[in-house]
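# Reading the structure
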Amino acid sequence: MSDNLHVNLNCKEPKLDVPTTHSKPNKRWRLAFATIYCARVLHSLLNEKKNGSKLPVAAPSFDVFNVKPDAFSRIDQTTLTEIVKEKNVDLLLEFGGVESVADALETDIKNGISGAVDDVALRQEAFGSNTYKRPPAKSLFHFVVEAFKDLTVFILLFCATLSLGFGIKEHGLKEGWYDGGSIFVAVILVVSVSAVSNFRQNRQFEKLSKVSNNIKVDVFRNGRRQQISIFEIVVGDVVGLKIGDQVPADGLFLDGHSLQVDESSMTGESDHVEVNSSHNPFLFSGTKVADGYAQMLVTSVGMNTTWGQMMSTISRDTNEQTPLQARLNKLTSSIGKVGMAVAFLVLVVSLVRYFTGNTEDENGNREFIGSNIKAVDMVHSMVTIIAAAFTILAVAIPKGLLLAVTLILTYSMKRMMADQAMVRKLSACETMGSATTICTGKTGTLTLNQMKVTKIWLGQEPIEVSSSISTNLLNLIQQGVALNTTGSVYKASSGSSKFEFSGSPTEKAILSWAVLELDMDMEILKQNCTILHVEAFNSEKKRSGVSIRSKADNTIHVHWKGAAEMILAMCSRYYDASGSMKDMDDDERMIFEQIIQGMAASSLRCIAFAHTQIPGEEHEIGVGLQNLKEHSLTLIGLVGIKDPCRPGVRKAVEDCQCAGVNVKMITGDNVFTARAMATECGILRPDQDMTSEGRR
Ligand SMILES: Nc1ncnc2c1ncn2[C@@H]1O[C@H](COP(=O)(O)OP(=O)(O)OP(=O)(O)O)[C@@H](O)[C@H]1O
Ligand SMILES: [Ca+2]
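Residues numbered from 1 in each chain as written. Chains lettered and ligands numbered in written order. Predicted model: local features only at pLDDT ≥ 70, side-chain atom pairs only at ≥ 80, totals over all residues. Heavy atoms only, no water.

Here is the rule we go by: UniProt positions are given in the numbering used here, feature names are shortened, and annotations may be inferred rather than shown by experiment.
Labelled according to an unreviewed UniProt entry, the protein chain appears under the name Calcium-transporting ATPase, originating from Vitis vinifera. We quote the UniProt Sequence similarities (unreviewed entry) comment for the protein chain here in full: "Belongs to the cation transport ATPase (P-type) (TC 3.A.3) family. Type IIB subfamily." What UniProt records for the protein chain under Function (unreviewed entry) is the sentence "Catalyzes the hydrolysis of ATP coupled with the transport of calcium."

### Quick word on the site of ligand 1
What counts, and what does not: Near is defined per residue: the residue qualifies when any heavy atom it owns lies within 4 Å of the molecule or strand. Throughout this description, a polar contact denotes any pair of N or O atoms lying within 3.5 Å of each other; where both atoms belong to protein, one of them has to be capable of donating a hydrogen while the other can accept it, and for residues adjacent in sequence the pair is counted only when both atoms sit in side chains. In this description, accessible areas are obtained by the Shrake-Rupley approach with a 1.4 Å probe, and a residue is regarded as covered only by the protein chains that are shown. The helix and strand labels rest on DSSP assignments: H or I over at least four residues marks a helix, E over at least two residues marks a strand, and numbering proceeds from the N terminus. Gly is put with the polar residues, along with every residue not named as nonpolar or charged; the nonpolar set is Ala, Val, Leu, Ile, Met, Phe, Trp, Tyr, Cys and Pro, and the charged set is Asp, Glu, Lys and Arg. Reported domain spans reflect what an automatic or database domain assignment gives.
The immediate surroundings of ligand 1 are formed by 17 residues, with Thr443, Ser539, Thr667, Gly668 and Asp669 found nearest. Between ligand 1 and the protein, one listed contact pairs an oxygen atom with a backbone N or O atom of Lys442 at 3.4 Å. In this structure, Thr443 approaches ligand 1 through a side-chain N or O atom, which is 2.6 Å from an oxygen atom. In isolation ligand 1 has 620 Å² of accessible area, and contact with the protein removes 87% of it. Counting residues per element, the ones that place at least two in the shell around ligand 1 are α16 (505-518), β15 (556-563) and β18 (604-614). Of the residues contributing to the shell around ligand 1, the split by class is four nonpolar, six polar and seven charged. Shared between two domains, the shell around ligand 1 holds at least three residues of each, these being domain 3 (435-450 + 645-696) and domain 4 (452-642).

### Some remarks on the layout of surface pockets
What counts here: Of the two site types, the cavity is a set of points on a 1 Å grid over the protein atoms alone where a 1.4 Å probe fits but cannot get out, and the pocket is an open set with protein on both sides within 12 Å along at least five of seven lines, each lined by residues with an atom within 4 Å of a point. Grid points are joined across faces, edges and corners, and a volume is the space filled by probe spheres set on the points.
Each pocket or cavity is described by its volume, and for the largest pocket that value is around 1,300 Å³. The set of elements that each furnish at least two residues to the lining of the largest pocket consists of β2 (224-229), β3 (238-242), β4 (250-262), β7 (288-300), α15 (471-483), β11 (488-491), α17 (522-527) and β13 (529-538). Of the domains in this structure, domain 2 (77-130 + 233-313) and domain 4 (452-642) are the two that each give at least three residues to the lining of the largest pocket.

### Points about empty space enclosed by the protein
A complete count under the given rule lists five cavities of 30 Å³ or more for this structure. Approximately 50 Å³ is the volume found for the largest cavity. With four residues, β13 is the single largest residue contributor to the lining of the largest cavity. Of the residues assigned to the lining of the largest cavity, the class counts are four nonpolar, four polar and two charged.

### So, a positive patch on the surface
Defined as follows: Residues enter patches when their relative accessible area tops 30% and they take part in no salt bridge; the joining distance is 9 Å for like charges and 5 Å for the nonpolar side chains Val, Leu, Ile, Met, Phe, Trp and Tyr. Any Lys or Arg side-chain nitrogen located within 4 Å of an Asp or Glu carboxyl oxygen qualifies as a salt bridge. The convention is simple: Lys and Arg are positive, Asp and Glu are negative, and His and the chain ends are not counted. Lys charges are placed at NZ, Arg charges at CZ, Asp charges at CG and Glu charges at CD.
A cluster of basic residues, Arg200, Arg203, Lys207 and Lys414, forms a positive patch at the surface. Among the elements that make up the positive patch, the one with the highest residue count is helix α8 (residues 178-213) (three residues). Structurally, Arg200 is set in helix α8.

### What to know about unusual backbone geometry
Residue Glu106 is not a glycine yet carries a positive backbone phi of 55°. Mapped onto the elements, Glu106 comes out in the loop between α4 (97-104) and α5 (117-127). Positive phi is not limited to glycine here, since Ser258 has a value of about 35°. Along the chain, Ser258 falls in strand β4.

### Details of the pairing of β2
How we decide: Pairing between two strands is assigned when DSSP locates at least 2 bridges connecting them.
Pairing geometry for strand β1 (residues 216-221) and β2, over six bridges, is antiparallel. Note that in β2 the partner of Asp218 across the bridge is Gln227. Taken together, β1 and the strand that follows it, β2, pair antiparallel across an intervening segment of two residues, in which Asn222 is found at a positive phi of about 55°.

### Focus: the confidence of the model for the protein chain
The test is simple: Confidence per residue, as judged by the predictor, is encoded in pLDDT with a range of 0 to 100. In what follows, a contact means two residues having at least one pair of non-hydrogen atoms within 4.5 Å.
Per-chain confidence: the protein chain averages 81 in pLDDT, with 84% of residues scoring 70 or above. For residues 1-22, every residue scores under 50 in pLDDT, and the model assigns this stretch 41 contacts once sequence neighbours within four places are set aside. Low confidence marks residues 49-69, where pLDDT is under 50. Its contacts with residues over four positions away, or in another chain, come to 42 contacts.

### What to know about the pattern of salt bridges
To keep it simple, the criterion reads: Only protein chains enter the accessibility calculation, which uses a 1.4 Å probe; a residue is then buried when its area is under 20% of its type maximum, exposed when over 50%, and partly exposed in between.
Applying the stated criterion across every chain, the model contains 16 salt bridges. Notably, a salt bridge pairs Glu535 with Arg543, separated by 3.7 Å at the nearest N-O pair. Given a relative accessible area of 17%, Glu535 falls into the buried group. The residue Lys651 makes a salt bridge to Asp655 at a minimum N-O spacing of 3.0 Å. One end of the pair, Lys651, and the other, Asp655, are both in helix α21 (residues 649-658), four residues apart, so they sit about a helical turn from each other. Linked through salt bridges whose partners overlap, the residues forming this network are Glu535, Lys541, Arg543 and Glu630.

### Thoughts on the nonpolar core
Let me state the cut-off plainly: Grouping buried Ala, Val, Leu, Ile, Met, Phe, Trp, Tyr and Cys residues that are joined through side-chain atoms within 4.5 Å yields what is termed a nonpolar core.
Ranked by internal contacts, the top residues of the largest apolar core, which has 40 residues, are Val101, Leu105, Ile233, Val239, Leu259 and Leu283. Put simply, the parts of the chain that give this core at least two residues each are α2 (77-85), α3 (89-95), α4, β1, β3, β4, β6 (282-283) and β7. Those residues within four positions of Ile233 in sequence are excluded, and the remaining contacts are Asn130, Val217, Val219, Arg221, Ile228, Val239, Pro248, Val298 and Val301. Core analysis: the second largest hydrophobic core is formed by 34 residues, Val453, Ile456, Ile510 and Met520 among them.

### Brief notes about α16
Condition: Expected helix span is computed as 1.5 Å times (number of residues minus one).
Over its 14 residues, α16 extends 19 Å from the first C-alpha to the last, a length consistent with the 20 Å expected when each residue adds 1.5 Å. The buried fraction of α16 is high, at 10 of 14 residues. Of the positions making up α16, those classed as buried are Thr506, Glu507, Ala509, Ile510, Leu511, Ser512, Trp513, Ala514, Val515 and Leu518.

### So, the environment of Leu532
With respect to the element layout, Leu532 can be found in strand β13. A sequence separation of 16 residues divides Leu532 from Ile548, and the C-alpha atoms of the two residues are 5.2 Å apart.

### Here we look at the environment of Ile183
Residue position: Ile183 is located in helix α8. Put simply, Ile183 and Ala160 are 23 residues apart on the chain and 5.4 Å apart in space, counted from C-alpha to C-alpha. Residues within four places of Ile183 in sequence aside, it is in contact with Leu156, Cys159, Ala160 and Ala394.

### Quick look at a negative patch on the surface
Residues Asp583, Asp585, Asp586 and Asp587 make up a contiguous surface patch of negative charge. Mapped onto the secondary structure, Asp587 falls in helix α19 (residues 586-601). The exposed category is assigned to Asp587, whose relative accessible area is 58%.

### Thoughts on the pairing of strand β9 (residues 452-458)
In this sheet, strand β19 (residues 633-642) lies alongside β9 in antiparallel orientation, the contact comprising five bridges. Each residue of the ladder has a partner; that of Val453, found in β19, is Ile641. When β9 meets strand β10 (residues 461-463), the two strands line up antiparallel, connected through three bridges. Note on β10: the bridge partner recorded for Leu458 is Glu461.

### What to know about the packing of helix α11 (residues 323-355) against helix α12 (residues 375-396)
To be explicit about the condition: The angle between two axes is taken between their N-to-C directions and runs from 0 to 180 degrees, where each axis is a line fitted to C-alpha atoms and a helix contributes only its stretch in contact. Relative orientations are named as follows: roughly parallel for angles under 35 degrees, roughly antiparallel for angles over 145 degrees, roughly perpendicular for angles from 65 to 115 degrees, and oblique for any other angle. For any helix crossing, the convention is left-handed if the near helix is rotated counterclockwise from the far helix by under a right angle, and right-handed if that rotation is clockwise.
Packing of α11 against α12 leaves a shortest axis separation of 8 Å and a crossing angle of 160°. Between α11 and α12, the crossing angle belongs to the class labelled roughly antiparallel. Where α11 crosses over α12, the handedness of that crossing is right-handed. Listed contacts from α12 to Ile335, Gly336, Gly339, Met340, Val342, Ala343, Val346, Leu347, Ser350, Leu351, Tyr354 and Phe355 of α11 are Asp377, Met378, Ser381, Met382, Ile385, Ile386, Ala389, Ile392, Leu393 and Ala396. Of the residues belonging to the contact of α11 with α12, the class tally is 17 nonpolar, four polar and one charged.

### Focus: the packing of aromatic side chains
Filter applied, for reference: By convention, a stacked pair of Phe, Tyr or Trp rings (six-membered ring in the case of Trp) has centres within 6.5 Å and planes under 30 degrees apart, an edge-to-face pair has planes over 60 apart, and any other such pair is tilted.
Applying the stated criterion to the full structure yields six aromatic pairs. Both rings, one in Phe72 and one in Phe127, keep their centres 5.3 Å apart while their planes meet at 55°; by these two values the pair is tilted. Of the two residues, Phe72 is situated in the loop between α1 (24-50) and α2 and Phe127 in helix α5; the sequence distance between them amounts to 55 residues. When sorted by exposure, Phe72 lands in the same class as Phe127, which is buried. On the basis of an interplanar angle of 75° and a centroid distance of 5.1 Å, the ring pair of Tyr574 and Phe592 is categorised as edge-to-face. In this pair, Tyr574 sits in strand β16 (residues 571-575) while Phe592 sits in helix α19, placing the two residues 18 residues apart along the sequence.

This is how it looks when you write it as structure tokens:
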């Protein structure tokens, strides 16, 4: 606390920088200020009395206080960490539960933190920011040392030294340095090129991992659901989690349904852990949401999380070799070994020839003449022989080959980066080069990911104007859309009628259709019902369901929404266009199937809504609480969602096919939608049949 208090003794100006609001901490500051001020006045009085002067009259001297309100005084990081990291339920209860923690962090459970700049800054100051300390980046010097640590470089250096020495000895300084010097130059060239290219590759990698780690996270700030960078998350934030998301920080479960978390990255356990408010409300950064959805309250960020501590100790080595480099290295060392053998053989043969007197000097005289030979001549001959052997060795090692490959790969990586293709590893370029098949997702990759409801069928009639929908159907659709969703709608309170939709593309499309065309008010619908049980969407079941209790008449309803063929199979009745319920016989089921196929064939994603009301007595025995009724439902209607093909996809697919690369599309969508889309993108020719393993 004392850090926040700056007493300026010299300032005579009557100025008080104490906040004037009367919140609890501020009151305390005012009290502290008054006490200190009184003490100082008394003290000065005492002093002046001692000095024999009169009592001071008017204009007392004020001191400047730069007092910050003491935020988050009710909880500190240690307590938060203790609760979450240790999974300490008792401590949490002692504190008063998740709500009390949120309260102490000045977070509104529904609307999140205010998100104002100073609020965020205050939180960052108090609890840190969500960034991890990384091991320091390696310097160029490190890579130079690494490059020198190569056996071939050592041998070359050795050869160069010997060659230089012998050369100078034999031919004098002026001409004798050529051989050795050129090997030195080659070594320096090799070392500097590989050090610089490794260094740059490493730096590139650091930069890229910064980009790819910067994932977007859904948070609620000031009641608005928005996407912010994971690094901007602060303690107190309310984060929205859905299936497939990575938990961005440590925290507590606030609200949600059937949340299952994959903690294998932390614990190694492959089983999914259920997270709920009663038994296990703890969420850890780095884990993944395997099922369900939830809102979490962030309690620790960055280095205060377990994940942060783990990350700071791991350094990734980027110097691994590509498969080609590894094979070339092997080849180089084999060649080197052969070179060494040959050099050794040459050395032995030359020595034998020399000592047996079979060699002659430039003048045709025998070089070795027994014990009469001059020592200088003999050393000279030895030097020539050894130098020849080392020259063979130096020449035999194909250092340039590796260098050339590294250079080519680095160059191709740079070119791919220029095309906005992220290359984390050199080996990826090589692997990409040998790819024969590309498997691509549909939504967002081949399509624009701008889904829009373009077709509506109620009963067996297409609906053109949504105003013609009968009231009871309209109510059911609105209920089904608003309550059975993981997306959300935000309307800016300040007059402008612009809505913001968030959630998965499919959810966004349905929500914006319901809000903009059916005048749905999500808030009111949510207030009128209590959600009893939720079955979250997953790609396997292709549907999501919810059971609700209407507050008006206490009736229980189950709503389902999902892939049309899945939902149709669960229905035994349907509402016709006028809103009256009818039984669905086999013929009518066929008609519905044809409607779905027809929509799919025009590359629409087909979503169906179904509903049933649970009679009171059934609900008494627990139907709709643990699992939702999933048969004998009534079909409400079908919507077709259009997601246009990305421009340029056809050309890209064509280019791939010309290069001999097979393109396959992977999607969870209806077979007919998939077929229509694939044909539109040029993956499938109109006359071509889909392979059976292509179906799911
Ligand atoms: N939020 C949702 N609620 C209900 N049903 C959905 C939802 N999202 C998708 N579906 C249905 O489930 C099916 C599978 O969706 P999913 O998102 O798993 O497909 P995918 O494998 O990701 O394929 P794609 O790449 O085309 O999106 C969709 O065809 C759609 O009919
Ligand atoms: Ca999808």
